[in-house]
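Remarks on the overall topology
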Amino acid sequence: MSLFKSSKKGNAGELDSFSYSPGYSDMRGESHRDTLEKNDAGEWIIVSRNREYHSAPVIVTTYAVDQEKAAHFERFIKEKNVISLANRLKSKEFICDHSPWNFNIVFDCSAVGGSSYDDYSIGQYKIYTPNDRELLNELKAKFYALKGDMLSETEETD
């Protein structure tokens, strides 16, 4: 039984985006998220959004991504059935004043008979086996390895 819940054919469609937010204390309004997405030209890039405290500007940094490495990353996600980790049971763990780590994976499934987009969230407050944790560490390492040269950096204020 496939855990790719979106497609009747057992294919998760094409990767639309992938994001990762590390766990961090957010008592001061801190936030961090890196997102693999396509630019207007259809090329993969990573957009990193970081804020150090509540009234600080959000620093938006865009990085180049090698397109072949991005394709390999998508194959890794599918071959290792990473999205199955979204189905893990919730844990009883909860930390106040903390933003939990989270991976978010979005597939465009319209070409394979699924809904237009399927979204999978893999987060801190679930029960993972040691093998699951090893896979999550490998996923994070492969994701960060995609980040190439810095293309731009801007500030956004509220």
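The structure under discussion appears in the preceding block.
Before going into details, it helps to say that this report is about the structure given with it. (Residues numbered from 1 in each chain as written. Predicted model: local features only at pLDDT ≥ 70, side-chain atom pairs only at ≥ 80, totals over all residues. Heavy atoms only, no water.)

So, on to the side chain of Asp 132. Along the chain, the position of Asp 132 falls in helix H2 (residues 130-145). For Asp 132, a relative accessible area of 7% puts it in the buried group. Filtering out sequence-adjacent residues up to four positions away, Asp 132 remains in contact with Leu 85, Arg 88 and Ile 127. (Helix = DSSP H or I, 4+ residues; strand = E, 2+ residues; numbered from the N terminus. Buried < 20%, exposed > 50% of the residue type's maximum accessible area, 1.4 Å probe, protein only. Contact = heavy atoms within 4.5 Å.)

Glancing now at the pattern of salt bridges. One pass over the full model with this rule turns up 4 salt bridges. Here Glu 74 and Lys 78 are joined by a salt bridge, their closest N and O atoms 3.3 Å apart. Note that Glu 74 and Lys 78 are positioned in helix H1 (residues 67-79) at a spacing of 4 residues, about one turn of the helix. For Lys 78, a relative accessible area of 25% puts it in the partly exposed group. Where Asp 132 meets Arg 88, a salt bridge forms, and the shortest distance between an N and an O atom there is 2.9 Å. (Salt bridge = Lys/Arg side-chain N within 4 Å of Asp/Glu carboxyl O.)

Regular strands have side chains that alternate between both faces of the sheet. Taking burial as the measure, the 8 residues of strand S4 (residues 44-51) include 6 buried ones, the bulk of the element. Here strand S3 (residues 31-38) pairs with S4 via 8 bridges, running antiparallel. From the neighbouring strand, His 32 faces S4, where its bridge partner is Asn 50. Adjacent in sequence and paired antiparallel, S3 and S4 are bridged by 5 residues, among which Gly 42 carries a positive phi angle near 85°. As defined by bridge partners, S4 adjoins strand S5 (residues 58-65) across 6 bridges and the pair is classed as antiparallel. For Ile 46, the partnering residue across the bridge sits in S5 and is Tyr 63. (Pairing = 2+ DSSP bridges.)

What follows is about the packing of H1 against H2. When two helices pack together, their arrangement is captured by the angle between the axes and the distance separating the axes. Where H1 contacts H2, the axes come no closer than 11 Å and their chain directions differ by 170°. With respect to each other, H1 and H2 are oriented roughly antiparallel. The two elements H1 and H2 cross, and the hand of that crossing is left-handed. Of the residues in H2, those touching H1 at His 72, Phe 73, Phe 76 and Ile 77 are Leu 135, Glu 138, Leu 139, Lys 142 and Phe 143. Its residues assigned to classes, the contact of H1 with H2 comprises 6 nonpolar, 1 polar and 2 charged. (Axes fitted to C-alpha atoms, helices over the stretch in contact; angles between N-to-C directions. Parallel < 35°, antiparallel > 145°, perpendicular 65-115°, else oblique. Left-handed = near helix turned anticlockwise from the far one by under 90°. Nonpolar A, V, L, I, M, F, W, Y, C, P; charged D, E, K, R; others polar.)

Turning our eyes to something else, we now look at the packing of aromatic side chains. Here the structure, examined in full by the defined rule, presents 10 aromatic pairs. With 5.8 Å between their ring centres and 50° between their planes, Phe 18 and Phe 103 make a pair best called tilted. Linking Phe 18 in strand S1 (residues 14-21) with Phe 103 in strand S7 (residues 102-108), this pair joins segments that are 85 residues apart in sequence. The same class applies to Phe 18 as to Phe 103, namely buried. Residues Trp 101 and Tyr 128 carry aromatic rings whose centres are separated by 5.9 Å and whose planes lie at 35° to one another, so their mutual orientation is tilted. Of the two residues, Trp 101 is situated in the loop between strand S6 (98-99) and S7 and Tyr 128 in the loop between strand S8 (117-123) and H2; the sequence distance between them amounts to 27 residues. (Phe/Tyr/Trp six-rings, centres within 6.5 Å; stacked < 30°, edge-to-face > 60°.)

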